[in-house]
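Observations on the three-dimensional arrangement
Residues per chain are reported as follows:
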Amino acid sequence: MYIRGYICSCDSSTVALVVKSKKISCTDFDRFSSMDSTHQFGKYRVEREVLDEQRLEEVTQRKTYSDTHPSLIEHLKESLRCTVPKLKQSVVSSLPVLYWLPKYSVWDYGMPDLISGISVGIMHLPQGLAYALLASLPPVFGLYTSLYPALIYFFFGTSRHISIGTFTVLSIMVGSVTERLAPDLNFLIINGTNITAEVNIIARDSYRVEVAAATTVLGGLIQVALGLVKFGFVGTYLSEPLVRAYTTAAAAHAVVAQLKYIFGVSPTRFSGPLSLVYTLKDVCSLLPHTHFPTLVVSAVSMVFLIAAKELNSYLSPKLPVPIPVELITIVAGTLISTYTHLDNNYTISVVGVVPSGLSSPSVPDVSLFREVIGDAFALAMVGYAVSISLGKTFALKHGYKVDSNQELVALGLSNAVGGFFQCFSVCSSMSRSLIQENTGGKTQMAGVASALIVLVTILKLGPLFKELPKAVLAAIVLVNLKGMFKQHFDIVTLWRSSKIDLVVWLVTWVSTLLLNLDLGLAASIIFALLSVIFRTQLPTYSVLGNVPGTELYVDIETHTEVREIPGVTIFRSSATVYFANADLYLEALKEKSGLDISKMIIYKRRQEAKQRRREMRAERRAKRQAKKERQAQRAGKQMSGAPVFSVEEEAGRWRDTCVDGNVTDKEEQGLTKRENGTVFVIPNTPRTLDDPCRWEYLKGGEPDCTSLGWMSELQDGDTTTLGSSSDDTLSHDLERVSLGSLGKWTWDIHSIIIDLSTANFIDTVAIKTMKNIFQDFSEIDVDIYLAGCQASVVEQLELGDFFSESVTKRHLFASIHDAVLYCLDHRGATLFPRYEPSVDTYSCTKL
């Protein structure tokens, strides 16, 4: 069997290949272009033999498993072997700054990085102050968070454009931890004179800083550990719909957290599941007590910010750098508050004293790790997912590579080291990263420049923000959340594109709103993973048919111009086969093939058992009859010419005759004329010379009018055989129970081809299932073949002891078409008319 043909390319370049052992140029195939002048693509034919897995390995000289998979000792030797190039590569990969900094060109990159760094640094100031409120920390710690992590990332990061610092979602998550472990109720001071309680703000903020630092350090250590063991891929489990839904729900938490600064009220802070609902309910109950001057400041700030941002978006194509709207708002709010004394005259809450200078590093409270480990892990995962997604986006746009494992280490070190300097969790910010890229930033030198802007502010300008109203910072937070609230439009997009992703989005959004940020993230990840498992358990099972004139096979249910191969069922699953869907895979195969294997095998074995019992009884009766015959012969020696009948002698004669495969007319006539009892012995001719003859014992007088003794016990319809009719009852009764009596479609299928091209692995449960498929279908005389197995799947089949004397690599084929041609040649010619959809399809492959 060969697949032969030619190849023709529409490309103007000359492509040569070997066809029929001759090297032919594409220019020699011009005569074939006239075959289909309206078709814009080329055509090709390929001549080769039908390849099963064994022949394919012989042709390709497949390497052994030990050649492609070194042993553990060899792996250890290779990992411990130290060479100068390997050492240099290890150092450079651990400190990426050593790779690009020596090549840094001040003339080409210096000025763009400086301008970009100043622009980002100006954004760091208002965002650091505002997002510190989200974390329920004093504003100065937001400035610390904008300084130290950016400097650490400069040395270890691989992305050139992301801006490391405060981020809305992480600030909210840190705030939920700090307020849960350090609520106001734990720091009340009872006033003995008028029996009132006041919050010790200094003690509360100090403890909250310790909690935030401990959470940040632990989250950073988790990131570093995952990066060192090459678990950078863990971020891929946070799909884009999940992350976008999570950030959208987190934005709602941020809004509720800022309402107390917008309305000037003091609601009770709740934690745990449904804390958002309880907090919102408490805020609504306090609305009649809204502080009107605070509300005015908030409203004016929000209107100014929205109008300025819209103007900024309109003028952005004409401006070299965007207008620092947040910084202008902060400066204006500080000046107005200072000269109008908003704090004293209208009791508007202000930032208060901002200490100048840098704080000394301190070791976080390790005893807090046990209480914040869940929150730290959530912070580590969310921060990494946001950073790596932004980093890969910019890397793809500008043509460089981001190392996911090194990014995990860099972000972890930024958090871990920053935690020693009282910073809270950081990651990249989309708004600042876009500014850094749009203003011409080329490297992380822009991050160093922005850190210097923050450093100058901390050292010299910090006390100037003493009179800044907190309502202004809350307004900045709310306006900056506008982009996250726009993500609600994802519902419409996902409804049109993917219902499953929409369900993941909605479940993530609802769980994050109701279960809080930490439990919501855990529930979302679990549900997303379960959705993947469910999709593998409920794949699309299909029966394939041939596209006429090609070697292509597609689903016959979704395509009309395809032909089903007579006698051959081609089965495909859209998912890989493994322990979770192995049983479903087997059931789908039975359903698509139309063969109820379990029922057929049980019925067949029951009838075979009955037949064996009846044969044993018939044999005993034959022996008793033979004994009586011998006694009768001794008693009637006077009778002349009477033939002596012996079962043993006749069995020997028939055994000799079965070897030749034929029975002479004389012998057959002589047998049918003997009437020495009620038992006739009829041999079943074996298929091959090696098979033993099978003897069937019929009851009755003449063989022409006898029937199998056990046939009458079968119900109507159990003996469906080809060529039988109601009028021919005698021949119907004499038909031996065969495969045709076991199932309606037995005569239609002789081979099943299982397409495993979609499987990228196969486990032990699936291997056992495949063994059962081969064994079960062989009992009803249906051959099973596998097609399209990847090399890794073949290796796993070998390691799982799948192959045996009955199931060899001859049952595996390189493609579906190879398997189909083999089936038609092997069994199609004898049992069914040869299937030839076109001359080219069977004798050759034509595309």
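This part is about the overall build of the protein chain. In terms of helices and strands, the protein chain carries 31 helices and 18 strands. Evaluated residue by residue, the protein chain yields a buried proportion of 45% over its 847 residues. Taking as baseline every contact in the protein chain between residues at least 6 positions apart, the subset at least 24 positions apart corresponds to 77%.

The phi torsion at Lys230 lies on the positive side, around 60 degrees, for a residue other than glycine. For Asn516, which is not a glycine, the phi torsion comes out positive at approximately 75 degrees. Note on placement: Asn516 falls in helix α22 (residues 499-537).

Of all 7 residues in strand β15 (residues 749-755), 7 are buried; the element is thus mostly enclosed. With 6 bridges joining them, strand β12 (residues 567-573) and β15 adopt parallel strand pairing. Among the inter-strand pairings, Thr569 is bridged to a residue of β15, identified as Ile752. Here 5 bridges tie β15 to strand β16 (residues 783-787), and the two strands are oriented parallel to one another. Each residue of the ladder has a partner; that of Ile753, found in β16, is Tyr785.

Backbone-to-backbone hydrogen bonds join strands into a sheet, with any given pair of strands oriented parallel or antiparallel. Ordered in space as β11-β10-β12-β15-β16-β17, the 6 strands form an open sheet in which the pairing is mixed. The strands lining the two open edges of the sheet, one partner per strand, are β11 (553-555) and β17 (812-813). Running at roughly 150 degrees to β16, helix α28 (residues 764-779) makes contact with β15 and β16 of the sheet.

Attention now goes to empty space enclosed by the protein. Tallied over the full model, the rule gives 10 cavities of 30 Å³ or more. Approximately 150 Å³ is the volume attributed to the largest cavity. The leading source of residues in the lining of the largest cavity is helix α8 (residues 168-181), at 4 residues. When its residues are assigned to classes, the lining of the largest cavity shows 6 nonpolar, 6 polar and 3 charged.

This brings us to the pattern of salt bridges. On inspection of all chains with the given rule, the structure shows 21 salt bridges. Across the pair Glu57 and Arg62 runs a salt bridge, and its minimum N-O distance is 2.6 Å. The exposure class of Glu57 is buried, given its relative accessible area of 17%. The residue Arg208 makes a salt bridge to Asp184 at a minimum N-O spacing of 3.2 Å. Taken as a pair, Arg208 in helix α9 (residues 201-228) and Asp184 in the loop between α8 and β7 (188-191) lie far apart in primary sequence, 24 residues in all. A relative accessible area of 6% places Arg208 in the buried class. Overall, Asp184 belongs to the partly exposed group, its relative accessible area being 34%. Via salt bridges that share partners, Glu57, Arg62, Glu795, Glu798 and Lys809 belong to a single interconnected network.

Moving on: the packing of helix α23 (residues 582-593) against α28. Running from N to C, α23 and α28 point in directions that differ by 30 degrees, and their axes come no closer than 9 Å. By the angle between their directions, the pair α23 and α28 is classed as roughly parallel. Two packed elements cross with a definite hand, and for α23 against α28 that hand is right-handed. Residues Ala582, Tyr585, Leu586, Leu589 and Ser593 of α23 lie in contact with α28, whose contacting residues are Val765, Thr769, Met770, Ile773 and Phe777.

Let us look at a negative patch on the surface. Together, Asp583, Glu587, Glu591 and Asp596 give the surface a local cluster of negative charge. When you line up the elements, Glu587 lands in helix α23.

Across the protein chain, the average pLDDT comes to 79, with 79% of residues at 70 or higher. Across residues 4-39, where pLDDT falls below 50, the model places 51 contacts with residues more than four positions away in sequence or in other chains. Across residues 829-847, where pLDDT falls below 50, the model places 60 contacts with residues more than four positions away in sequence or in other chains.

Quick look at the side chain of Gln127 now. Among the secondary structure elements, Gln127 is positioned in helix α6 (residues 106-134). With residues up to four places along the chain from it excluded, the contact list for Gln127 reads Thr166, Ser429, Ser431, Arg432 and Asn480.

Throughout the structure, instances matching the rule amount to 19 aromatic pairs. Between Tyr104 and Tyr109, the ring centres sit 5.8 Å apart and the planes meet at 55 degrees, which makes this aromatic pair tilted. Taking relative accessible area as the criterion, Tyr104 reaches 17% and is therefore assigned buried. Judged by relative accessible area, which is 33%, Tyr109 ranks as partly exposed. With centroids separated by 5.8 Å and ring planes inclined at 10 degrees, the aromatic side chains of Tyr541 and Phe571 adopt a geometry described as stacked. Of the two residues, Tyr541 sits in strand β10 (residues 541-546) while Phe571 sits in strand β12, which places them 30 residues apart along the sequence. Chaining the aromatic ring pairs together yields one cluster made of Trp100, Tyr104, Tyr109, Phe154 and Phe155.

Before going further, it helps to spend a moment on helix α17 (residues 430-438). The complete set of buried residues in α17 reads Arg432, Ser433, Ile435, Gln436 and Glu437. On the buried face of α17, the contacting elements are α6, β6 (164-165), α15 (369-398), β9 (427-428) and α18 (445-461). Immediately downstream of α17, the backbone of Gly440 shows phi near 100 degrees, a positive value.

With 101 residues, the main nonpolar core has Val169, Met173, Val382, Leu473 and Leu521 as its most contacted residues. With 15 residues, the single largest contributor to this core is α15. Not counting residues within four places of it along the chain, the set of residues in contact with Val169 comprises Tyr246, Thr247, Ala250, Val382 and Met484. In this structure, Ile597, Ile754, Cys789 and Leu797 belong to the second largest nonpolar core, which totals 33 residues.

Cut-offs and rules
Residues numbered from 1 in each chain as written. Predicted model: local features only at pLDDT ≥ 70, side-chain atom pairs only at ≥ 80, totals over all residues. Heavy atoms only, no water. Helix = DSSP H or I, 4+ residues; strand = E, 2+ residues; numbered from the N terminus. Buried < 20%, exposed > 50% of the residue type's maximum accessible area, 1.4 Å probe, protein only. Contact = heavy atoms within 4.5 Å. Pairing = 2+ DSSP bridges. Axes fitted to C-alpha atoms, helices over the stretch in contact; angles between N-to-C directions. 1 Å grid on protein atoms, 1.4 Å probe; cavity = no way out; pocket = protein on both sides within 12 Å on 5 of 7 lines; lining within 4 Å. Points joined across faces, edges and corners; volume = space filled by probe spheres on them. Nonpolar A, V, L, I, M, F, W, Y, C, P; charged D, E, K, R; others polar. Salt bridge = Lys/Arg side-chain N within 4 Å of Asp/Glu carboxyl O. Parallel < 35°, antiparallel > 145°, perpendicular 65-115°, else oblique. Left-handed = near helix turned anticlockwise from the far one by under 90°. Patch = residues over 30% accessible without salt bridge, like charges linked within 9 Å, V, L, I, M, F, W, Y side chains within 5 Å. Areas by Shrake-Rupley, 256 points an atom, 1.4 Å probe, with all protein chains shown as cover. Lys, Arg positive; Asp, Glu negative; His and termini not counted. Charge placed at Lys NZ, Arg CZ, Asp CG, Glu CD. pLDDT = per-residue confidence, 0-100. Phe/Tyr/Trp six-rings, centres within 6.5 Å; stacked < 30°, edge-to-face > 60°. Core = buried A, V, L, I, M, F, W, Y, C linked by side-chain atoms within 4.5 Å.

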